[in-house]
Number of protein chains: 2
Amino acid sequence: MKFGGTSVGDMDRLTRAARRVRLQVDEGRKVIAIVSAMAGETNRLIECVQSCGTMFDAREYDAVVANGENVTAGLLAITLQQMNVPARSWQGWQVPVRTSAAHGAARIVDIGVDNVLARFAEGMKVAVVAGFQGVTNDNRIATLGRGGSDLTAVAFAARFGSRLCSIHTDVDGVYTADPRIVPKARKLDRISYEEMLEMASLGAKVLQSRSVELAMQYKVPVRVLSSFSDSSGTLVCDEDPNMELRPISGIAHSRDEAKVTIVSVADRPGIAATVFGALADSSVNVDMIVQNISEKGRTDITFSCPVEDVETARQALANIHGRGLINYQGLLHDRDVCKISVVGIGMRSQSGVAAQMFSALAQEGINIQVISTSEIKISVLVGRRYLELAVQALHDKFQLDRDNRALGEVDRAQCVQAQEEI
Amino acid sequence: MKFGGTSVGDMDRLTRAARRVRLQVDEGRKVIAIVSAMAGETNRLIECVQSCGTMFDAREYDAVVANGENVTAGLLAITLQQMNVPARSWQGWQVPVRTSAAHGAARIVDIGVDNVLARFAEGMKVAVVAGFQGVTNDNRIATLGRGGSDLTAVAFAARFGSRLCSIHTDVDGVYTADPRIVPKARKLDRISYEEMLEMASLGAKVLQSRSVELAMQYKVPVRVLSSFSDSSGTLVCDEDPNMELRPISGIAHSRDEAKVTIVSVADRPGIAATVFGALADSSVNVDMIVQNISEKGRTDITFSCPVEDVETARQALANIHGRGLINYQGLLHDRDVCKISVVGIGMRSQSGVAAQMFSALAQEGINIQVISTSEIKISVLVGRRYLELAVQALHDKFQLDRDNRALGEVDRAQCVQAQEEI
């Protein structure tokens, strides 16, 4: 059970989190609780480090910043003990959580299970683990980078073979679209790992991508729910046939998009490699790529990237143009765009999703500038001003406000299983 | 070099401490810097723990509270690195500092030197160690109790064979008397371990007693100085003949004293054992003991103790009286007293110190209620109202405002040695 910073933001919330843990213990389960630092603590420690100056040893940064989680872990253990729940805190080096040496963005290499299992065998019911940290081969403390507590939780669940990993956060679960844009947006009961990955990469800030990838790899069921309501949240899990009944699960959007067009380059082998090689060397984060129809041996190449990369991209292209590696007639860019995507494993087996999507946008007079697809996602670039209209139009078109169990055959056995997970 | 909480109380002070460390590095020395938590941090963490409730696992208390020192250690290491001084932070478990399992008041059992020495050999110039903590055999974090950072510093100096242990704090050094009572009180350049122990136990809050005992045992020279001035402070070290030239080194006082008198008990063997056994069983901290002249086979017994122990003492005595183990005519107590002590190794070889002390008090009309002596200390109980007068009168009587090097033969070689220490 992972509790984020706002979920343990003060002693009241910490106590509430402890009660949730106790509920599980009362039902006979052993619990590993992963905690973040209390909201604001990590930033406070980072500011302390930054007030020392601009350059610092990443190993020392980690040694300072990891203390936030240490304090929360101890306090939660104490709170549980107050409730007569046998609990103890574990810092990363005590488990041990072994990490790579990439301080500040370390990767979990392994988790030693023996110590924790031994204590469980001796009567400990809850292991409260300080998230976001581990220890390197050099016996130094390493932090995992932002979102590292989610990753810690999934890694522990995978390593210990937990039946469930629950992420207690400040959102209710995963919605069919951003509820601030679509009031009728509905909370999804279940979503597959692949769909969650697409939603996460598109900015749905519910679960960190690395965590979802790890969960998918080790088949860890992950429930995302709110610390502040009794909603059962959303279960992120393996695909099941019921999920494929709905053509799409949700709509994601991103405002941080820009479009760059290289006007009229020679249409021959090697050009694309030269262009995108140069962009990659400059760390431009290219997303969608479109090459228009060739005419008289020349073509336009259009791609999308984050707004902050536009200048870097222009310079990289001007550079290879200046060195004669390519020869274009012009460079255009447009920051006034946004990306809208429909996501769903159902589109693999159901035809017409793209057609319905383009039709819905056309009905609103929204021009599609770029299209890009993957097996379970269709993305378009449209004018920025159409973002909210586009999302709402698509939400209506695919009737996402309606519970999908009403749309198709209901597998009762799978519904029962879903209820058990809750 | 140990830096207390106020000496690293904010980033400015932390930087100042770093400069002092760098000075030593510039002179070719390797430094182990022991740090406390920033002023107020430990209390904040303790309050967090206490807000969880009244009872808690001492091991979890330690896991939370030790984080204060961890943060300071990291920040000081970063600050030194900013100054191009190769430094790294060490938490207790990383050194390792091995302690007993008495969480909250643990004893240092051993300090592993290999890791730190290996890093010194590789180029590290400063090891910044988080004071106040260590690790138990159970791989749990243990704190050493209040004043534990002083103890850590002396223990490291002993174990690493350091040439000096300096305690950087918010007082200037050890004075001949409390400067707030005696404006003419003078800072001592040197004081012996035994004298320091007597001064410390009498409330001179400069150095924690356990630290002085450890320094004495391993012959670690300890310099106490202020973080906020350039004074060279006071060197606490082995006795030397120069120290014996002065009859006394200083005057200590304690306001937290009460006097209890058991009136008229049988004067026979076993009574004192019964009385003080009962007091010890009740954890009454008995200090001075006086038994008056016996008359007709009965005697009075008077002792002193802290004011807060008076009620417990009375109850313990009433209890053994009620059970018939002793038979007294009455119990008297007086909270309106204070204890004045003169301390000095010189009194071992110089006669008349007691006479001079009692004469000085008599001249001021101060009645002496109880007298107690040890090899290097003479203590008296007098009425509370006479405290300041008594201290000043004694300070004048023994001419403590004058530098003792003017009083007797000066050993130039030892003066030079004292200067080198600075």
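Residues numbered from 1 in each chain as written. Chains lettered and ligands numbered in written order. Predicted model: local features only at pLDDT ≥ 70, side-chain atom pairs only at ≥ 80, totals over all residues. Heavy atoms only, no water.

**Q** Got a minute to help me understand the interface of chain B and chain A in this structure?
**A** Often, the extent of an interface is quoted as the loss of accessible area upon association of its parts. In this assembly, 39 residues from chain B lie in contact with 39 residues from chain A. Approximately 3,100 Å² of surface area, both sides summed, lies buried where chain B meets chain A, with 54% of it carried by carbon and sulfur atoms. Looking only at chain B, the three residues that lose the most surface to chain A are B:Cys52, B:Glu60 and B:Trp93, adding up to 20% of its buried area. The interface formed by chain B and chain A includes four salt bridges. Two residues, B:Arg44 and A:Glu41, come together in a salt bridge whose shortest N-O distance is 3.9 Å. Applying the counting criterion to the chain B and chain A interface returns eight residue pairs in polar contact (both at pLDDT 80 or more). Residue assignment for the side of chain B that touches chain A shows that the elements contributing at least two residues are helix H2 (41-50), helix H3 (58-65), helix H4 (67-82) and strand E3 (87-90) of chain B. (Contact = heavy atoms within 4.5 Å. Buried area = accessible area lost by both parts, 1.4 Å probe. Salt bridge = Lys/Arg side-chain N within 4 Å of Asp/Glu carboxyl O. Polar contact = N/O pair within 3.5 Å; in protein donor to acceptor, adjacent residues only side chain to side chain. Helix = DSSP H or I, 4+ residues; strand = E, 2+ residues; numbered from the N terminus.)

**Q** Can you help me understand the relation of the copies chain B and chain A in this one?
**A** Here the two chain copies are tied together by a rotation about an axis and a shift along that axis. Take chain B, turn it by 180 degrees, move it 0.0 Å along the axis, and it overlays chain A with an RMSD of 0.1 Å. The transformation just described matches what one would write down for a two-fold rotation axis. Rotation axis and chain B: the residue whose C-alpha lies nearest the axis is B:Asn67, separated from it by 2.9 Å. When the interface residues of chain B are mapped onto chain A, 100% of them again lie at the interface, so the same face is used by both copies. (Least-squares fit on C-alpha atoms with pLDDT ≥ 70 in both.)

**Q** How should I be thinking about unusual backbone geometry in this particular structure?
**A** Peptide bonds are mostly trans, and most non-glycine residues show a negative phi. The omega torsion of the bond from A:Val95 to A:Pro96 falls at 0 degrees, within 30 degrees of zero and hence cis. Here A:Pro96 shows up in the loop between strand E3 (87-90) and strand E4 (97-99). Backbone geometry places B:Phe132, a non-glycine residue, at a positive phi of 75 degrees. Along the polypeptide, B:Phe132 turns up in the loop between strand E6 (126-130) and strand E7 (133-135).

**Q** Just to check I follow, could you spell out the sheet that holds strand E6 (residues 126-130) of chain A for this structure?
**A** Sheet strands associate in pairs through backbone hydrogen bonding, adopting either a parallel or an antiparallel arrangement. Residue and element names in this part refer to chain A. Strand order in the open sheet formed by eight strands is E3-E6-E2-E1-E9-E11-E12-E10, with mixed pairing between adjacent strands. Every other strand in the sheet has two partners, leaving E3 and strand E10 (190-192) as the edge strands with one partner each. Both E3 and E6 contribute to a ladder of four bridges, which runs parallel. Of the residues in E6, the one forming a bridge with Trp-90 is Val-129. (Pairing = 2+ DSSP bridges.)

**Q** I would appreciate a short explanation of the packing of H3(B) against H4(B) in the present structure.
**A** Two quantities define a packed helix pair, namely the angle between the axes and the distance from one axis to the other. Residue and element names in this part refer to chain B. The contact between H3 and H4 brings their axes to 5 Å, and the two run at 25 degrees. Taken together, H3 and H4 sit at an angle that is classed as roughly parallel. In this structure, H3 contributes Ala-63, Val-64 and Val-65 to the contact, and H4 contributes Asn-67, Gly-68 and Glu-69. When grouped by side-chain class, the residues that make up the contact of H3 with H4 number three nonpolar, two polar and one charged. (Axes fitted to C-alpha atoms, helices over the stretch in contact; angles between N-to-C directions. Parallel < 35°, antiparallel > 145°, perpendicular 65-115°, else oblique. Nonpolar A, V, L, I, M, F, W, Y, C, P; charged D, E, K, R; others polar.)

**Q** Before we go on, may I ask you to explain the confidence of the model for chain A in this structure?
**A** For residues with low pLDDT, the predicted coordinates do not support detailed interpretation. Residue and element names in this part refer to chain A. For chain A, per-residue confidence averages 90 on the pLDDT scale, and residues scoring 70 or more make up 95% of the total. The model gives residues 406-419 a pLDDT under 50, and that stretch makes 15 contacts with residues more than four places away or in other chains. Both scores are given for the predicted complex: the pTM is 0.80, the ipTM 0.76. (pLDDT = per-residue confidence, 0-100.)

**Q** Where do I start with the pairing of strand E18 (residues 377-383) of chain A in this structure?
**A** Note on strand geometry: in a regular strand, side chains alternate between the two faces of the sheet. All names here are of chain A. Of all seven residues making up E18, seven are buried, and the element is well covered by its neighbours. Note that strand E16 (residues 330-343) and E18 share seven bridges and pair antiparallel. Residue Ile-340 lies in a different strand from E18, and its bridge partner there is Val-380. (Buried < 20%, exposed > 50% of the residue type's maximum accessible area, 1.4 Å probe, protein only.)

**Q** Looking at this model, I keep getting lost on the pattern of salt bridges. Mind explaining?
**A** Where charged atoms from two side chains of opposite charge come close, those side chains can pair. Per the stated rule, a full pass over the model turns up 42 salt bridges over all chains. Residue B:Arg190 is joined to B:Asp240 by a salt bridge in which the shortest nitrogen-to-oxygen separation is 3.2 Å. Taken together, the residues span a long stretch of sequence, with B:Arg190 in strand E10 (residues 190-192) and B:Asp240 in the loop between strand E12 (234-237) and strand E13 (250-266) at a distance of 50 residues. Neither residue differs from the other here; B:Arg190 and B:Asp240 are each classed as buried. A salt bridge links B:Lys219 to B:Asp238; its shortest N-O distance comes to 3.7 Å. Taken together, the positions of B:Lys219 in the loop between helix H8 (209-218) and strand E11 (222-226) and B:Asp238 in the loop between E12 and E13 put the pair 19 residues apart, joining distant regions of the chain. Connected through salt bridges with shared partners, the residues A:Glu41, A:Arg44, B:Glu41 and B:Arg44 form a single ionic network.

**Q** I would appreciate a short explanation of the state of the cysteines in the present structure.
**A** As used here, a disulfide is simply a covalent bond connecting the sulfur atoms of two cysteines. All names here are of chain A. Overall, the coordinates contain zero disulfides over all chains when judged by the stated rule. Sulfur of Cys-165: no disulfide; nearest cysteine sulfur belongs to Cys-237 and is 13 Å away. When its relative accessible area of 4% is taken as the criterion, Cys-165 is described as buried. (Disulfide = S-S within 2.5 Å.)

**Q** Would you mind showing me how to read the environment of A:Ala58 here?
**A** Residues and elements named next belong to chain A. Positionally, Ala-58 belongs in helix H3 (residues 58-65). For Ala-58, a relative accessible area of 33% gives the class partly exposed. Linking Ala-58 and Tyr-386, residues 328 residues apart in sequence, is a C-alpha distance of 43 Å.

**Q** How should H3(A) be read in this particular structure?
**A** Side chains three or four residues apart in an α-helix point the same way, a direct result of the helix having 3.6 residues per turn. For H3(A), the buried fraction is high: six of the eight residues fall into the buried class. Buried residues of H3(A): A:Glu60, A:Tyr61, A:Asp62, A:Ala63, A:Val64 and A:Val65, and no others. Buried residues in H3(A) make contact with helix H2 (41-50), helix H4 (67-82) and strand E8 (141-143) of chain A together with H4 and E3 of chain B. A side-chain oxygen of the first residue of H3(A) lies 2.9 Å from the backbone nitrogen of A:Arg59; this N-cap is A:Asp57.

**Q** How should the sheet that holds E13(B) be read in this particular structure?
**A** All names here are of chain B. Reading across from one edge, E14-E15-E13-E16-E18-E17 is the order of the six strands in this open sheet, with antiparallel pairing throughout. Each of the sheet's edge strands pairs with one partner strand only, and the pair in question is strand E14 (289-291) and strand E17 (370-374). On average, each strand axis in the sheet is inclined to that of its neighbour by 25 degrees, with strand direction left out of account. Pairing of E13 with strand E15 (residues 298-305), which is carried by seven bridges, proceeds in the antiparallel orientation. Looking at E15, one finds that Ala-258 is bridged to Cys-305. Relative to E15, helix H9 (residues 271-281) is tilted by about 25 degrees, and along the sheet it contacts E13, E14 and E15. Across the face of the sheet, helix H11 (residues 353-363) comes into contact with strand E16 (330-343), E17 and strand E18 (377-383) while running at roughly 20 degrees to E18.

**Q** What is the right way to look at the environment of A:Met199 in this model?
**A** Secondary-structure assignment places A:Met199 in helix H7 (residues 193-201). Measuring from C-alpha to C-alpha, the distance between A:Met199 and A:Ser372 comes to 15 Å, with 173 residues separating the pair along the chain.

**Q** How do you make sense of the side chain of B:Arg88 when you look at a structure like this?
**A** Tracing the backbone through its elements, the reader meets B:Arg88 in strand E3. For B:Arg88, which is buried and forms no salt bridge, the nearest opposite charge comes from A:Glu60, at a distance of 5.1 Å. Setting aside anything within four residues of it in sequence, one finds B:Arg88 in contact with A:Glu60, A:Arg140, B:Ala77, B:Gln94, B:Arg119, B:Met124, B:Val126, B:Ala127 and B:Val128. (Lys, Arg positive; Asp, Glu negative; His and termini not counted.)

**Q** Before we go on, may I ask you to explain the pairing of E18(B) in this structure?
**A** Residue and element names in this part refer to chain B. Pairing analysis gives five bridges linking E17 to E18, with the strands arranged antiparallel. Along E18, the bridge assignment pairs Ile-371 with Val-380. Hairpin connection between E17 and E18: a loop of two residues separates the two successive antiparallel strands.

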